[in-house]
Amino acid sequence: MIFSRIAGTGSYVPGAPVTNDDLVARGIDTSDEWIRERTGIRARHFAEEGVTTSKLGAEAARRALDAAGMKPADIDLVIVATTTPDMVFPSTACLVQHELGMPSGAAAFDMQAVCSGFVYALTIADKFIRSGSNKRVLVIGAETVSRILDWSDRTTCVLFGDGAGAVVLEADEVPGIMATTLHADGSHSDILSVPGQIANGVVTGSPFIRMDGQAVFKFAVRVLADAAHEVLTRAALPVDQLDWMIPHQANIRIMLATAKRLGVSEDHVIVTVDRHGNTSSASVPLALDAAVREGRVKRGQTVLLEGVGGGFTWGAALIRY
Ligand code: UT7
């Protein structure tokens, strides 16, 4: 049988960290104490003008390829999960393919599931590999969320950041990806959305993130716990044999509440929201790569990746790294 496993990880954040106090200095009516206590965020990164999602994604991909000991030409499919593409089209995946200097031929497409995007993209890549149609897939989560933030809305603008994470997924005889699950419920578009659109040469509606934070919070804790149970059951892995949990990095309180529901202790939860903020589809691969490079996630360990976000969408992937 063919399975897929992660051959290498990489990530990239642009520029210097922007602290909570830096946001106060920029005139946002907030405080370091409020942001830290409510979310766990201490800093985030913002891409400078002209630095696009594809550029962040390509840099993360280069690092993942290096870690896997591969070249761009070894890749036969590129999937980019993003909510903040460079353009309406071509897809960010095609732009990343070009930026990496990949030869013509490999397939490339974008995946839009907001903050669940990476888990969705990883699941799709796993299916392409298991079906035998592809052998080496670059799976990237990349975002310039700062471009869709309303700086006059303190309830959202302090929460997000820019960045990218990537993995190279490769065909193997032993399962790296043990179980996956994806879900969506389109009836909740009112609690988290960017409700604008481009039509007839103008933006109509709002081009900025709108969120009912408390409604999102409650929804996220419930569905993350349910999705975790699903993949653990499917892989017949008792929760006490789970080495690491890497949930979507939106809010430390959501992550710890989910872990508590599952019976996972805090020291098994990878947390990078403190340094990255919420980077939407980039959050899970950014956290995974940080944990790998810091020597926390090691080969052979079990890791639960989880996403939840606009749509609503949510999902989980249980992997043996
Ligand atoms: O990736 C997408 C998924 N998104 C999420 O997972 C976000 C989920 N939600 C959350 O993380 C939390 O709901 C928030 C961090 C967004 C908000 O935390 P909260 O504990 O739910 O706060 P709240 O909305 O109940 O607001 C409490 C107070 C309000 O003041 P009053 O009405 O009590 O006087 C807000 O006006 O905090 C005020 N507030 C702020 N104060 C300082 C809201 N934003 C800020 C701010 N700085 N940035």
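Note that this is a predicted model, so its numbers are computed, not measured. (Residues numbered from 1 in each chain as written. Predicted model: local features only at pLDDT ≥ 70, side-chain atom pairs only at ≥ 80, totals over all residues. Heavy atoms only, no water.)

**Here we look at the side chain of Asn251**
- Inspection of the secondary structure assignment puts Asn251 in the loop between strand E13 (244–247) and helix H8 (252–262).
- A polar contact is formed between the side chain of Asn251 and the backbone oxygen of Arg38, at a distance of 2.9 Å.
- The contacts of Asn251, once residues within four sequence positions are left out, are Arg38, Thr39, Phe217 and Val273. (Helix = DSSP H or I, 4+ residues; strand = E, 2+ residues; numbered from the N terminus. Polar contact = N/O pair within 3.5 Å; in protein donor to acceptor, adjacent residues only side chain to side chain. Contact = heavy atoms within 4.5 Å.)

**Re the nonpolar core**
- Among the nonpolar cores identified, the biggest contains 44 residues, and Leu304 and Phe312 are the most heavily contacted of them.
- Residue assignment for this core shows that the elements contributing at least two residues are helix H7 (213–234), H8, strand E14 (302–309) and strand E15 (313–320).
- The biggest single contributor to this core is H7, with 10 residues.
- When residues of this core are assigned to domains, at least three fall in each of domain 1 (3–174) and domain 2 (178–320).
- With residues near it in sequence (within four places) discarded, Leu304 still touches Ala228, Val231, Leu242, Trp244, Met245, Ile246, Leu262, Ala316, Ala317 and Leu318.
- Met111, Ala113, Tyr120 and Trp244 belong to the second largest nonpolar core, which has 32 residues in total. (Core = buried A, V, L, I, M, F, W, Y, C linked by side-chain atoms within 4.5 Å. Buried < 20%, exposed > 50% of the residue type's maximum accessible area, 1.4 Å probe, protein only. Domains from an automatic or database assignment.)

**So, the domain arrangement of the protein chain**
- Domain boundaries in the protein chain define domain 1 (3–174) and domain 2 (178–320).
- Put simply, the middle of domain 1 and the middle of domain 2, counted by C-alpha atoms, are 14 Å apart.
- At the junction of the two partners, domain 1 supplies 54 residues and domain 2 supplies 46 residues.
- Carbon and sulfur atoms make up 61% of the surface buried where domain 1 meets domain 2, a total of about 3600 Å² over both sides.
- Three residues stand out in domain 1 for area buried against domain 2, namely Cys115, Val119 and Tyr120, and they jointly supply 17% of the buried area on that side. (Buried area = accessible area lost by both parts, 1.4 Å probe.)

**So, the site of the ligand**
- Inspection of the region around the ligand gives 22 residues, with Thr30, Arg154, Gln214, Asn251 and Asn278 positioned closest.
- Contact distances for the ligand include 2.7 Å between a nitrogen atom and a side-chain N or O atom of Thr30.
- Taking His248, its side chain carries an N or O atom lying 3.0 Å from an oxygen atom of the ligand.
- Burial of the ligand by the surrounding chains reaches 74%, relative to a free accessible area of 960 Å². (Near = heavy atom within 4 Å. Areas by Shrake-Rupley, 256 points an atom, 1.4 Å probe, with all protein chains shown as cover.)

**Some details on the pattern of salt bridges**
- Taken as a whole and assessed by the stated rule, the structure comprises 14 salt bridges.
- We note a salt bridge from Glu59 to Arg63, for which the minimum N-O separation is 3.2 Å. Here Glu59 pairs with Arg63, and both are found in helix H3 (residues 53–68), just 4 residues apart, close to one helical turn.
- Classification of Glu59 by relative accessible area gives partly exposed; the value is 21%.
- Note that Arg136 is salt-bridged to Glu170, the shortest N-O span being 3.1 Å. Of this pair, Arg136 sits in strand E6 (residues 136–144) while Glu170 is found in strand E7 (residues 162–172), placing the two residues 34 residues apart along the sequence. (Salt bridge = Lys/Arg side-chain N within 4 Å of Asp/Glu carboxyl O.)

**Overview of the packing of aromatic side chains**
- As enumerated under the stated definition, the model contains 4 aromatic pairs in all.
- Look at Phe46 and Trp151: their rings are 5.5 Å apart centre to centre, the planes differ by 90 degrees, and that puts the pair in the edge-to-face class. Here Phe46 is found in the loop between strand E3 (43–44) and H3, whereas its partner Trp151 is found in the loop between E6 and helix H6 (154–157), with 105 residues between them in sequence.
- Given the relative accessible area of 39%, Trp151 is considered partly exposed.
- Residue placement shows Arg222 over the ring face of Phe219; its charged tip is 5.2 Å from the ring centre.
- The side chain of Arg299 reaches across the aromatic face of Tyr321, ending 3.9 Å from its centre. (Phe/Tyr/Trp six-rings, centres within 6.5 Å; stacked < 30°, edge-to-face > 60°. Lys NZ or Arg CZ within 6 Å of the ring centre and 35° of its normal.)

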